[in-house]
Amino acid sequence: MAGFTQQISDIFVQAANANDLPLVVQGMPTALVYHSQENTVDFSEGYSDKVKFCDIIIREISKRYGIQFSPLSRMYSNLLMSQSDVSFFEERIYDAMANAKQVIDITFKEGMAA
């Protein structure tokens, strides 16, 4: 199970990078969290309102592509995960992140720079 979540985490970061979006994924393999920033978060005030809003945009856009993240930017694995789940994620996350980038750019005009 941890191997599958690590693969998904790596693919997620690659998809963000491919779309010029910062993204950090951190936590234990069974309970990961993502944030639209470069640095890991060590405390609850460790990320800005803009990052929280971008995380929500990514979560909501991903739903359109069949990818479900938990609220508060959480990613939970389960015992039934398989390589086909990793493939499903990889087939969809790049388009989802491209769409999220467009929405983020429109929302903030300057993109993720601030």
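Everything discussed here concerns the structure shown above.
Residues numbered from 1 in each chain as written. Predicted model: local features only at pLDDT ≥ 70, side-chain atom pairs only at ≥ 80, totals over all residues. Heavy atoms only, no water.

## Details of unusual backbone geometry
Backbone geometry at D20 places phi at a positive 55 degrees, although glycine is not the residue there. Examined against the element boundaries, D20 turns out to sit in the loop between α1 (2-18) and β1 (24-28). Backbone geometry places L72, a non-glycine residue, at a positive phi of 65 degrees. Secondary-structure assignment places L72 in the loop between α2 (49-63) and β3 (74-76). (Helix = DSSP H or I, 4+ residues; strand = E, 2+ residues; numbered from the N terminus.)

## Description of the pattern of salt bridges
Scanning the model with the defined rule gives five salt bridges in all. Of the charged contacts in the structure, one is a salt bridge between R92 and E91, with a shortest N-O distance of 3.2 Å. For E91, a relative accessible area of 57% corresponds to the exposed category. (Salt bridge = Lys/Arg side-chain N within 4 Å of Asp/Glu carboxyl O. Buried < 20%, exposed > 50% of the residue type's maximum accessible area, 1.4 Å probe, protein only.)

## Here's the deal with helix α3 (residues 83-108)
Taking 1.5 Å of rise per residue, 26 residues should cover 38 Å, and α3 covers 36 Å from first to last C-alpha, within 8% of that figure. Along its length, α3 shows its largest kink, about 35 degrees, at I93. Regarding α3, the residues found buried are V86, F89, I93, A96, M97, N99, A100, K101, I104 and F108. In the core, the buried residues of α3 are packed alongside α1 and α2. Within two residues after α3, K109 carries a phi angle of roughly 60 degrees, on the positive side. (Expected span 1.5 Å × (residues − 1). Bend = angle between axes of the 7 residues up to and from the residue. Contact = heavy atoms within 4.5 Å.)

## Details of the packing of α2 against α3
Packing of α2 against α3 brings their axes to within 9 Å, and their N-to-C directions diverge by 135 degrees. Judged by the inter-axis angle, α2 sits oblique to α3. You can see that α2 and α3 cross each other, and the crossing is right-handed. Here K50, F53, C54, I57, I58, I61 and S62 of α2 come into contact with α3, specifically with I93, A96, M97, N99, A100, V103, I104, T107 and F108. Its residues placed into classes, the contact of α2 with α3 shows twelve nonpolar, three polar and one charged. (Axes fitted to C-alpha atoms, helices over the stretch in contact; angles between N-to-C directions. Parallel < 35°, antiparallel > 145°, perpendicular 65-115°, else oblique. Left-handed = near helix turned anticlockwise from the far one by under 90°. Nonpolar A, V, L, I, M, F, W, Y, C, P; charged D, E, K, R; others polar.)

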